[in-house]
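# Structure at a glance
Here is how the chains run, residue by residue.
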Amino acid sequence: MNDIIIAADGLSKSYEGKPALRSLRLEVPRGSICGFLGRNGAGKTTTLKLLLGMLRRDAGSIRLFGEPVDSEASSIAARRRLGFVSEDKDLYPFMTVEQTIRFTRPFFPGWRRDLEEKYLDLFQLPRKKAVPKLSRGMRTQLMLLLAMARGAELLLMDEPTSGLDPAMTEDVLRILAGLAASEGTTIFFSSHQLAEVEQICDRVCIIDQGQVVIDGMLDDLKSEYRRILLVFDGVPPRELASLAGVDHLRQRGRTASLLAHGDVDGLVDRARELRPSSVEVRPVTLKELFLDHVRGE
Amino acid sequence: MLWYKAWLETRWRFVFMLGSALMVWLAPQWLPSFGFRLPPGVPASRIWMAVHLGSVLLYIVAASFLAGSGVNTQTTYAATSGFHGSMLFTLSLPVSRRRLLLVRAGLGAVQTGVLVAIMAGYTLLQRPGGASAVEAAEYIARAIACTMAVYALSVLLACVLDEMWQFYAAGLCWIAFYLLQSRFAFVSWISPLRGMSLFSYPLTAPMPWAPVVASLVFAGVCLCASVLVLQRKEY
């Protein structure tokens, strides 16, 4: 059994000459919940569509479930083992809930009636109701049901909670966390919502301008990165920016704020040599990591 | 299940076209009550010719309507606008794009064929003196075959254009084709429009095989092109 469910290497994609992905490298281990973060237009949806074969890549390779995805046949084989929830949650407007389930079921030999019934009851989805009459939240639930009842090993989700109210968002997150815990499903979802990623993800991948800028276990990242606040008597010295281990430097007046990783203690020692009047080392939040890397603040 | 989906998706369009055909059939009964009457002395053959030409127009409308809206709605939804609706859900299913298109186009072809057969059958019933079984079979067969050319072109256009533009594009294609056939004898010889036209085949002449075969070949080429377009399309 392969432990890496999603592996992309050197993935590149351009739209009319404008690069959307630049040699993207990505690995998602089996059983993880991986949040895929980035600004609008960073390349999140493009990555998901490339994984699903909806777009053609310009360069690079994709492996899903350990198998290369390099033809329509291999893409179909991979799609048999995964579920996808699109950002718009659009299903067929000419079908009811029951018809949508009946339509989807035969495509997946591993369809689980027990899960279908379980989630129909849990979500209280009206079986006879036409899809256009469902609320956005209910459409999300129906898509989740379709993805989960097929016995998917991998869920790809494009902003699954967009447009949902806070209560519904909470429900969806709880269901996803439960799914990963009970079924061992790998979940890879793009989001703008740092709080929800922090709430359920054990792994984070941040993408900016088509490139992965941070990728790792959330806990590891939080322990690896530190915010170092230095206050000087005058203008902070320029040498700060060139200290090894400094990811980003932000200056305001007499204060310098460093985002650092690696040997933070060694960095602090070197920073002290520049004679700051005070030094403070703080843990970082995901929001800080995200903003520092995508905005370079 | 793709057939099931295709049927659910297109059934009301099919019913709508059936209803339109029914209205055409019932028109002779209704029109006199609105004061429309033919002037005395119009030969029955002329009236039948008008009925036939009306049917041909209906074939073309039905083929364009069922192909354009049917295939386009989900399979190539909003081909150029970037809004893909439920197409993303469809593409996430473990099914090839070729199969997606062929099932949808296949159902539309069956629907178009059924409509044309019904309309052509009705048209034959209006013919003064009726028609022999062979004549009737040939009449219906060529109507279906030639209409398939119209249908398949609409399927192809649905793969590259948004719904709004498909009908204009189809109309322009057929006007261009009509101009070509009036200028070049060979084009006229194989033209589906000539195949459907009464003037080329007044039921007593031999079956016009050239336009029938050419229409089927053209339809096949259009469908193959549609599959290629869909397989290369990015969503």
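Residues numbered from 1 in each chain as written. Chains lettered and ligands numbered in written order. Predicted model: local features only at pLDDT ≥ 70, side-chain atom pairs only at ≥ 80, totals over all residues.

### Describing the overall build of chain B
Applied cut-off: Numbering goes from the N terminus for both helices and strands, where a helix is a DSSP run of H or I of at least four residues and a strand is a run of E of at least two. A residue is called partly exposed when the number of other C-beta atoms within 10 Å of its own lies between 12 and 20, exposed at 12 or fewer, and buried at 20 or more, with C-beta atoms placed from the backbone. Placing a C-beta atom from the backbone of each residue, one calls two residues in contact when those atoms lie within 7 Å.
In terms of regular secondary structure, chain B is built from 9 helices and 0 strands. Secondary structure of chain B in N-to-C order comes out as α-α-α-α-α-α-α-α-α. The buried share among the 235 residues of chain B stands at 41%. Across chain B, the fraction of contacts at a sequence separation of at least 24, relative to all contacts at a separation of at least 6, is 77%.

### Comments concerning the overall build of chain A
When you go through chain A residue by residue, the secondary structure sums to 10 helices and 14 strands. Principal axes of the C-alpha set define a box for chain A whose edges measure 70 × 40 × 40 Å. Burial status across chain A gives 42% buried among its 297 residues. The contacts of chain A with a sequence gap of at least 6 include a subset with a gap of at least 24, amounting to 70%.

### Section: the confidence of the model for chain B
Fine structural detail should not be taken from predicted coordinates in areas where pLDDT scores are low. Residues and elements named next belong to chain B. Threshold: Confidence per residue, as judged by the predictor, is encoded in pLDDT with a range of 0 to 100.
Averaged over every residue, the pLDDT of chain B is 82; the share at 70 or more is 89%. Looking over chain B, one finds the lowest element-wise mean pLDDT in helix α2 (residues 44-74), namely 76, and the highest in helix α9 (residues 209-232), namely 91. Below a pLDDT of 50 lies the segment residues 70-82, which in the model reaches 43 contacts outside its immediate sequence neighbourhood of four places, other chains included. Overall fold confidence for the complex sits at a pTM of 0.84, while the interface term, ipTM, reaches 0.85.

### Description of the nonpolar core
For clarity, the threshold we go by: Here, a nonpolar core means buried Ala, Val, Leu, Ile, Met, Phe, Trp, Tyr and Cys residues linked by C-beta atoms lying within 7 Å of one another. For the purposes of this description, domain bounds are those given by an automatic or database domain assignment.
Membership of the largest hydrophobic core comes to 86 residues, with the highest contact counts inside it found for A147(A), L156(A), F188(A) and C205(A). Top element by residues in this core is helix α5 (residues 136-149) of chain A. It accounts for 8 residues. Residue assignment places this core across two domains, with domain 1 (4-209) and domain 2 (221-295) of chain A each supplying three or more. Discounting chain neighbours no more than four positions away, the residues touching A147(A) are G83(A), F84(A), V85(A), A152(A) and L155(A). Core analysis: the next-biggest nonpolar cluster, separate from the first, contains 49 residues, M17(B), L58(B), A170(B) and V212(B) among them.

### Considerations on the domain arrangement of chain A
Residue and element names in this part refer to chain A. Along its sequence, chain A is carved into domain 1 (4-209) and domain 2 (221-295). Between the C-alpha centres of domain 1 and domain 2 the distance comes to 37 Å. Each partner contributes residues to the interface: domain 1 has 9 residues there, and domain 2 has 6 residues. Of all the secondary-structure elements, those providing two or more residues to the side of domain 1 that touches domain 2 are β3 (33-38), α7 (194-200) and β9 (203-208).

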